[in-house]
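Inside the fold
Each chain, written out:
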Number of protein chains: 2
Amino acid sequence: MLTEERWGAILELVEREKAVSVPELEKRLGVSASTIRRDLTQLNSLGKLIKVHGGATSIGTQYVGKDLTMDEKYLMNSDEKMDIARYAAELISPGDYVYIDAGTTTEMLVDCIREQNATYITNSLTNARKLVRKGFKTFLTGGEVKGTTEAVVGAEAAEYLRKLHFTIGFWGTNGVSAEDGFTTPDQNEAMMKRISMGQTTKRYILCDRSKFSVVSPVTFADFEDAVVITGKLTDKKYKKYENIMEVTK
Amino acid sequence: MLTEERWGAILELVEREKAVSVPELEKRLGVSASTIRRDLTQLNSLGKLIKVHGGATSIGTQYVGKDLTMDEKYLMNSDEKMDIARYAAELISPGDYVYIDAGTTTEMLVDCIREQNATYITNSLTNARKLVRKGFKTFLTGGEVKGTTEAVVGAEAAEYLRKLHFTIGFWGTNGVSAEDGFTTPDQNEAMMKRISMGQTTKRYILCDRSKFSVVSPVTFADFEDAVVITGKLTDKKYKKYENIMEVTK
DNA sequence: CCACACATAATCAAATTCAATCATTTTCAA
DNA sequence: TTGAAAATGATTGAATTTGATTATGTGTGG
């Protein structure tokens, strides 16, 4: 496993769980504690996470100490994902019926949303909480809650979705490729994405550059089915497509 | 569990309950009193909460009074609620289909649940999160999320419930009276409670002594419709009823 | 006033975590 | 292929955290 890859995995876990211990990372990534510690030290000095005794916590999750406003967080993490999220949030108009997928990128999107006069529907517990705390009209799909991502998936959720229609929607993805479309590792999540996209008029996929030319096991949509919002494109191959929006801050 | 995580949990509890005792934190977080005391001392000096004899209070409540006496704390009923929750958790058997209502008492119940071989259904985002983090099979009702309680209510949620049947269920209440039954202030929440109780075989209402002889605007069930689990009964009037279980620790 | 239960801070031993170090393996370029 | 640089995993002693214990302090109810 490449170091970069491992760092990505660590950050993903820290973002999702808000806090992870060294032994946990050790088991999930299959490397020694020494390596994990070194990774955490480096990621900490890069400002990507906060190293604490026993493990690490995510930047946003300052349990103690002053809580950071969104802008401060933005400054700390002048991250590609955050630029994408900010841009996407502006696409929401008054009166919209907005579907928001589960995932870390869409979570950032939720943080950036300011449109009060829209209705929000999501299958993510985290996103629903954030939305309702911001005072937005929020709906959650019903069904089985999946442990790892804290999102609702499965037959009931699918049935619930089929009754709704959205004017605009935002999804995350694990891989994007012109040939295989948008892909994700989990069958159930793929189903949720596929159905919700089917019910939506304006479809946007949020993804950072690292997802390009990656193919995960399950395809949930074809490449032409949505507009891709991403940071600076590094792969020339994708320059020619019209449904890619490059956010340049 | 990381120290930071524990601090987060403590602060969340203190914020919500306004006052928590050391033994309660001990039980809910599964660490020793020594550790809790150390945590409180540190959080106190960080200015995140006020340490008082017996536990801690939230910052906001500080000006109201000097230290809370144990009586005052008992009035807040956290300890009693905890005892009730622990007792109720033992009622769940393998294979049960368990409905869990939204609310602070049922939240404590969730903290106490140990039965892995059951399926849990709730309309509370908080409870769903907790359940799924404990590794239990968890379902959430779909529908509109209400801001104040972070629970799902409304027509969709009701429709979702109607399709299900539960072997056992637990509800909170704002008032209990032999004449007016179980009552709550909110119309929508009452509807959720009423419907879910209709789909459940064994019905339990969790409530501390302060709820007796209180009547809120909306009745969601008659007094005979459920077994009441409570702490020590102070009101002699209720001694004669057979559907009241007194948990004496 | 006293006795009782409980809460507290201090102390200690055990367990866990840490940074530093070193040998081994891998990577990359000459 | 060879050698230098980087990454990894194991080891070690120091530091931190934790839970139990104990002596002391605080509040309650007779």
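Residues numbered from 1 in each chain as written. Chains lettered and ligands numbered in written order. Predicted model: local features only at pLDDT ≥ 70, side-chain atom pairs only at ≥ 80, totals over all residues. Heavy atoms only, no water.

1. Focus: the side chain of arginine 129 of chain A
Here is the rule: The numbering of helices and of strands both runs from the N terminus, where a helix is a DSSP run of H or I of at least 4 residues and a strand a run of E of at least 2. By the convention used here, residues are in contact when the closest approach between their heavy atoms is within 4.5 Å.
Structurally, arginine 129 of chain A is set in helix α7 (residues 125-133). Among all residues touching arginine 129 of chain A, those that are not within four sequence positions of it are Leu125, Thr126, Arg129 and Glu150 of chain B.

2. Comments concerning helix α8 (residues 155-162) of chain B
All names here are of chain B. Our working rule: Buried residues are those whose accessible area, probed at 1.4 Å on protein chains only, stays under 20% of the maximum for their type, while exposed residues exceed 50% and partly exposed ones sit between those limits. What the arc measures is the spread of directions leading from the helix axis to the C-beta atoms.
Taken residue by residue, α8 has Ala157, Ala158, Tyr160 and Leu161 as its buried positions. Around the axis of α8, the buried residues are gathered within 160° of arc, so they sit on the same side. In α8, the exposed positions angled more than 90 degrees off the buried face are occupied by Ala155 and Arg162.

3. Looking at the sheet that holds strand β14 (residues 227-230) of chain B
Cut-off, in case you're wondering: For two strands to be treated as a pair, DSSP must find at least two bridges joining them. Working convention: axes come from line fits to C-alpha atoms, limited for helices to the stretch in contact. Angles between N-to-C directions cover 0 to 180 degrees.
What the nine strands build is an open sheet, ordered β8(A)-β7(A)-β6(B)-β5(B)-β4(B)-β9(B)-β12(B)-β14(B)-β15(B); its pairing is mixed. Only two strands of the sheet have a single neighbouring strand rather than two, namely β8 (151-153) of chain A together with β15 (244-246) of chain B. Strand-to-strand twist in this sheet, taken as the mean axis angle between neighbours without regard to direction, amounts to 30°. In the sheet, strand β5 (residues 119-122) of chain B pairs with strand β6 (residues 137-140) of chain B via four bridges, with the strands oriented parallel.

4. Overview of the sheet that holds strand β1 (residues 19-21) of chain A
Residues and elements named next belong to chain A. As summarised here, the arrangement of the three strands in space is β1-β3-β2, forming an open sheet in which the pairing is antiparallel. The open sheet has two free edges, formed respectively by β1 and β2 (49-52), since each of these has just one partner strand. Put simply, the sheet's adjacent strands are angled 20° from each other on average, direction ignored. Pairing geometry for β1 and strand β3 (residues 55-58), over three bridges, is antiparallel.

5. Comments concerning the protein's contact with DNA strand D
Put simply, the rule reads: Definition of nearness: a residue and a molecule or strand are near each other if at least one heavy atom of the residue lies within 4 Å of the molecule or strand. Pairs of N or O atoms within 3.5 Å make up the polar contacts considered here, provided that, within protein, one atom can donate a hydrogen while the other can accept it, and that residues adjacent in sequence are counted only when both atoms are side-chain atoms. Classification used: nonpolar for Ala, Val, Leu, Ile, Met, Phe, Trp, Tyr, Cys and Pro, charged for Asp, Glu, Lys and Arg, polar for all others including Gly.
The local shell around DNA strand D holds 16 residues, among which Arg6, Thr35 and Arg38 of chain A together with Thr35 and Arg38 of chain B are the closest. Each atom of DNA strand D within 4 Å of the protein was classed as base or backbone; sugar and phosphate made up 53%. Between DNA strand D and serine 34 of chain A, the relevant distance is 3.1 Å, taken from a base nitrogen to a side-chain nitrogen or oxygen of the residue. Arginine 38 of chain A places a side-chain nitrogen or oxygen 2.7 Å from a base nitrogen of DNA strand D. Among the elements of the structure, α1 (3-17) and α3 (33-45) of chain A together with α1 (3-17) and α3 (33-45) of chain B are those that each provide at least two residues to the surface near DNA strand D. Here the residues of the surface near DNA strand D sort into two nonpolar, 10 polar and four charged.

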